[in-house]
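Reading the structure
In case you want the letters, here they are:
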Amino acid sequence: DGEDVAPCVGWNGSTYGNRRMSGARGWDAAPPDHFHHQPDDELHGLCGVGAPSYLCGSPITTDCSCCKCDLYGMPDWNTDQQEVLDIHYRHLEELNDMGVTMLRVDAALYEDVGQTTRSLNRFPWDFVYMEWWGEYPVGIHDKYIGDYRDVSLTWKVTNQLAVE
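In this report, the structure presented in the accompanying data block is examined. (Residues numbered from 1 in each chain as written. Predicted model: local features only at pLDDT ≥ 70, side-chain atom pairs only at ≥ 80, totals over all residues. Heavy atoms only, no water.)

**Concerning the state of the cysteines**
Using the criterion set out here, one finds one disulfide in the structure. Paired by a disulfide, Cys-47 and Cys-69 hold their sulfur atoms 1.8 Å apart. Disulfide Cys-47-Cys-69: torsion about the S-S bond near -85°, hence left-handed. One end of the pair, Cys-47, is in the loop between strand S3 (20-21) and strand S4 (48-49); the other, Cys-69, is in the loop between S4 and strand S5 (70-71), and 22 residues separate them in sequence. Cys-47 sits in the partly exposed class, given a relative accessible area of 30%. (Disulfide = S-S within 2.5 Å. Helix = DSSP H or I, 4+ residues; strand = E, 2+ residues; numbered from the N terminus. Buried < 20%, exposed > 50% of the residue type's maximum accessible area, 1.4 Å probe, protein only.)

Structure representation (structure tokens):
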């Protein structure tokens, strides 16, 4: 039909789209089955996370109900697959080997803590920062993954600056 299989181009020239990534080195290529998807349709995610609630299925953030959902339409890696874990390990190894000592884990609240720590804790990072928007820590991510932005402190500083 003339459409590109992976129509978008990343900053390093690799292509992606339609739940595929061509990768930049070959080993980092990912077909649709590397992402969570509908059982009968690998081009559609299981569920979605986004505005306004950023929840999917449960208001309890520790139950991992969102862990297999696409965040804002970005496909969610199926980290139950060894091939996917190998890609993640190799990427982290590459970062570590080039001298990266600190990481930021975006949308950390939507990640399975066990799988994330098994990947991250293979390397001696100096600092791991978890990003999430408005939720408060749930007592397990910060114990096993890293530090986080303290939402209550953010509002204290913001409110103080607003009155000055």
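Still to come is the rest of the account.
**Looking at the pattern of salt bridges**
Inspection of every chain in the model, using the stated rule, returns five salt bridges. Two residues, Asp-28 and Arg-25, come together in a salt bridge whose shortest N-O distance is 3.8 Å. Of the residues examined, Arg-25 reaches a relative accessible area of 47% and is grouped as partly exposed. Put simply, Arg-25 and Glu-94 hold a salt bridge, and the shortest N to O gap is 2.8 Å. Taken together, the residues Arg-25 in the loop between S3 and S4 and Glu-94 in helix H1 (residues 82-97) connect sequence positions 69 residues apart. Residue classification places Glu-94 among the partly exposed positions, given a relative accessible area of 21%. Sharing partners across several salt bridges, the network here consists of Arg-25, Asp-28 and Glu-94. (Salt bridge = Lys/Arg side-chain N within 4 Å of Asp/Glu carboxyl O.)

**A few points about the nonpolar core**
Core analysis: the biggest nonpolar cluster contains 14 residues, and Leu-92, Leu-103, Leu-120, Trp-125, Val-128 and Ile-145 have the highest contact counts within it. Those elements giving two or more residues to this core turn out to be H1, strand S6 (102-105), helix H2 (113-120) and strand S7 (127-130). If we skip the residues at most four places from it in the chain, Leu-92 touches Leu-103, Ser-119, Leu-120, Phe-123 and Trp-125. Residues Val-49, Cys-66, Cys-69 and Ala-107 belong to the second largest nonpolar core, which totals eight residues. (Core = buried A, V, L, I, M, F, W, Y, C linked by side-chain atoms within 4.5 Å. Contact = heavy atoms within 4.5 Å.)

**Observations regarding the sheet that holds strand S8 (residues 147-148)**
With respect to topology, three strands assemble into an open sheet ordered S6-S7-S8, the strand pairing being parallel. At either end of the open sheet lies a strand with only one pairing partner, and these are S6 and S8. Judged from the two bridges that link them, S7 and S8 form a sheet pairing that is parallel. Directly across from Tyr-129, in S8, lies its bridge partner Asp-147. (Pairing = 2+ DSSP bridges.)

**Quick word on the side chain of Ser-119**
Of note, Ser-119 is situated in helix H2. Residue classification places Ser-119 among the buried positions, given a relative accessible area of 12%. When near neighbours in sequence (up to four residues on either side) are disregarded, Ser-119 contacts Leu-85 and Leu-92.

**Notes on the packing of aromatic side chains**
The geometry of an aromatic ring pair is captured by two quantities: the separation of the ring centres and the angle between the planes. This structure, assessed with the given rule, holds three aromatic pairs. Ring centres of Phe-35 and Trp-77 lie 4.7 Å apart, and the angle between their planes is 40°; on these two criteria the pair is classed as tilted. Of this pair, Phe-35 sits in the loop between S3 and S4 while Trp-77 sits in the loop between S5 and H1, and the two are 42 residues apart along the sequence. On the basis of relative accessibility, which here comes to 21%, the residue Trp-77 falls in the partly exposed class. Measuring from ring centre to ring centre gives 5.7 Å for Phe-123 and Trp-125, while their planes differ by 55°; the resulting arrangement is tilted. In this structure Phe-123 comes out as buried when scored by relative accessible area, which is 11%. Residue classification places Trp-125 among the buried residues on the basis of a relative accessible area of 12%. Grouped by ring-pair contacts, the aromatic residues Tyr-89, Phe-123 and Trp-125 constitute a single cluster. (Phe/Tyr/Trp six-rings, centres within 6.5 Å; stacked < 30°, edge-to-face > 60°.)

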